[in-house]
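Structural description and commentary
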Amino acid sequence: DAKTTQPTSMDCAEGRAANLPCNHSTISGNEYVYWYRQIHSQGPQYIIHGLKNNETNEMASLIITEDRKSSTLILPHATLRDTAVYYCIVREYSGYALNFGKGTSLLVTP
Amino acid sequence: DAMVIQNPRYQVTQFGKPVTLSCSQTLNHNVMYWYQQKSSQAPKLLFHYYDKDFNNEADTPDNFQSRRPNTSFCFLDIRSPGLGDAAMYLCATSRGEGTATYEQYFGPGTRLTVT
């Protein structure tokens, strides 16, 4: 699986959009970009994934650049409950392990 | 509407005393996983079941075993826990079709303390 690079930490004011970047410059054509998050002392939670088109669901939007070397997870109106570690993971549908990496610790402040 | 359930949430065991952690799911997913997450680290896959087929990660110690009696349940057995096995143990499930596996859904985890 391709390696990802994320900022160690980010802050966001409650109610504002949180934009979490991820670089995956070595991504291959059949690898998807997945985002998970882990709230303190809970299990990871699947957020969204995509191949090359932008994706949106009830939790977030995923913007993937045209060259697919980077992506941004957008939480449109961050709440205090969105404080968590966010993991960007690149993987094919084949294979089993999620290589979580270090992730970005997002702190949403009042 | 809990989907992946882990019991107990907290488990204390003594050094060397066998312990079993359990996981059940209501998603009817055919793939189940066990991850270990030590303090301040990312989760690390120990093994998974694809249907009834057990698949061990290469670096998972022999001390860790697993059982899957049916689609809904999976157990993690630690035969002789050491202090270094203290961690959060996470169960996850996903749909699998042929060689493809899809997004994984995690339980809340069991925090294991070894005294």
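Given the structure is predicted, the values throughout are model-derived calculations rather than measurements.

Cut-offs applied
Per chain, residues are indexed from 1 in the order of the written sequence. As they are written, the chains are lettered A onward and the ligands numbered 1 onward, keeping that order. Confidence filtering applies because this is a predicted model: local features only for residues at pLDDT of at least 70, side-chain atom pairs given and counted only at 80 or more, and all residues used for totals across whole chains, interfaces and linings. Excluding hydrogens and water, the side-chain figures rest on all heavy atoms present in the structure. Where helices and strands are cited, they refer to DSSP runs of H or I of at least four residues and of E of at least two residues respectively, numbered from the N terminus. For the radius of gyration, the atom set is restricted to C-alpha positions; the globular benchmark scales as 2.2 Å times the number of residues to the power 0.38. A contact between two residues is defined here by any heavy atoms of the two lying within 4.5 Å. The quantity reported as buried area is the accessible area (1.4 Å probe) lost by two parts once they are put together, taken as the sum for both. By salt bridge we mean one thing: a side-chain nitrogen of Lys or Arg within 4 Å of a carboxyl oxygen of Asp or Glu. Any pair of N or O atoms that falls within 3.5 Å is considered a polar contact. Within protein, one atom must be able to donate a hydrogen and the other to accept it, and sequence-neighbouring residues count only if both atoms are side-chain atoms. Should DSSP find at least two bridges between two strands, the strands are regarded as paired. A 1.4 Å probe rolled over the protein chains alone gives each residue an accessible area, and that area as a share of the maximum for its type sets the label: buried under 20%, exposed over 50%, partly exposed in between. Positive charges come from Lys and Arg, negative ones from Asp and Glu, while His and the chain ends are left out of the count. For Phe, Tyr and Trp, rings pair up if their centres lie within 6.5 Å, where Trp contributes its six-membered ring, and each pair is then called stacked (planes under 30 degrees apart), edge-to-face (over 60) or tilted (otherwise). Counted as over-ring charges are cases with an Arg CZ or a Lys NZ within 6 Å of the ring centre that also lie within 35 degrees of the ring normal.

What to know about the overall build of chain A
Helix and strand content of chain A: zero helices and nine strands. Listed by position from the N terminus, the elements making up chain A come as β-β-β-β-β-β-β-β-β. Computed over the C-alpha atoms, the radius of gyration of chain A is 13 Å, within 12% of the 13 Å expected from 2.2 N^0.38 for a compact globule of 110 residues. Along the first, second and third principal axes, the C-alpha atoms of chain A reach 40 × 30 × 25 Å.

Describing the interface of chain B and chain A
The interface of chain B with chain A comprises 22 residues on the first partner and 19 residues on the second. In total, chain B and chain A occlude about 1,600 Å² of area from one another, counting both sides; carbon and sulfur atoms represent 58% of this. In terms of surface lost to chain A, no three residues of chain B exceed B:Thr101, B:Glu103 and B:Phe106, which account for 28% of the buried area on that side. Summed over the shared surface of chain B and chain A, the result is zero salt bridges. Where chain B packs against chain A, one counts five residue pairs in polar contact (both at pLDDT 80 or more). Going through the elements one at a time, β4 (31–37), β5 (44–50), β9 (87–94), β11 (100–101) and β12 (105–106) of chain B are the ones with two or more residues in the side of chain B that touches chain A.

Some words on the sheet that holds strand β5 (residues 55–56) of chain A
Picture the strands of a sheet paired through backbone hydrogen bonds; they go either parallel or antiparallel. Residue and element names in this part refer to chain A. Ordered in space as β2-β7-β6-β5, the four strands form an open sheet in which the pairing is antiparallel. Bordering the open sheet on either side are β2 (18–23) and β5, each of which pairs with just one other strand. Both β2 and strand β7 (residues 70–75) contribute to a ladder of six bridges, which runs antiparallel. When the sheet's bridge partners are listed, Asn19 is paired in β7 with Ile74.

Some points on the side chain of B:Gln37
Along the chain, the position of B:Gln37 falls in strand β4. Here B:Gln37 is in contact with A:Gln38, A:Tyr87, B:Ala42, B:Pro43, B:Ala87, B:Met88 and B:Leu90, once residues within four sequence places are set aside.

A short note on the pairing of strand β8 (residues 73–78) of chain B
Residues and elements named next belong to chain B. Burial within β8 is extensive, with five of its six residues counted as buried. Where strand β3 (residues 19–25) lies against β8, six bridges are found, and the strand directions are antiparallel. The residue bridging Cys23 from the neighbouring strand is Cys74, located in β8. Bridge analysis of strand β7 (residues 64–67) against β8 gives four bridges, and the strand direction is antiparallel. Bridge pairing in β8 places Phe64 opposite Ile78. Two successive antiparallel strands, β7 and β8, enclose a turn made up of five residues.

Some remarks on the side chain of A:Glu31
Residues and elements named next belong to chain A. Position of Glu31 relative to the elements: it lies in the loop between β2 and β3 (32–38). In this structure Glu31 is buried but unpaired, with Arg68 as the nearest side chain of opposite charge at 6.0 Å. Separated by 2.9 Å, the side chain of Glu31 and the backbone nitrogen of Ser28 make a polar contact.

Some points on the pattern of salt bridges
Considering all chains together, one arrives at four salt bridges over all chains under this definition. When the shortest N-O distance is used, the salt bridge between A:Arg37 and A:Asp82 registers 2.8 Å. One end of the pair, A:Arg37, is in strand β3; the other, A:Asp82, is in the loop between β7 and β8 (84–91), and 45 residues separate them in sequence. Accessibility assignment for this pair places A:Arg37 and A:Asp82 in one class, buried. With its nearest N and O atoms 3.0 Å apart, the salt bridge here joins B:Asp59 to B:Lys44. Note that B:Asp59 is positioned in the loop between β6 (53–56) and β7 and B:Lys44 in strand β5, a separation of 15 residues in sequence. What makes B:Lys44 partly exposed here is its relative accessible area of 36%.

Some points on the packing of aromatic side chains
One pass over the structure, following the stated rule, counts 16 aromatic pairs over all chains. Members of the aromatic cluster, each reached through a chain of ring pairs, are A:Tyr34, A:Tyr36, A:Tyr46, A:Tyr87, A:Phe100, B:Tyr33, B:Tyr35, B:Tyr105 and B:Phe106. The positively charged end of A:Arg91 is found above the aromatic ring belonging to A:Tyr34, 5.7 Å away from the centroid.

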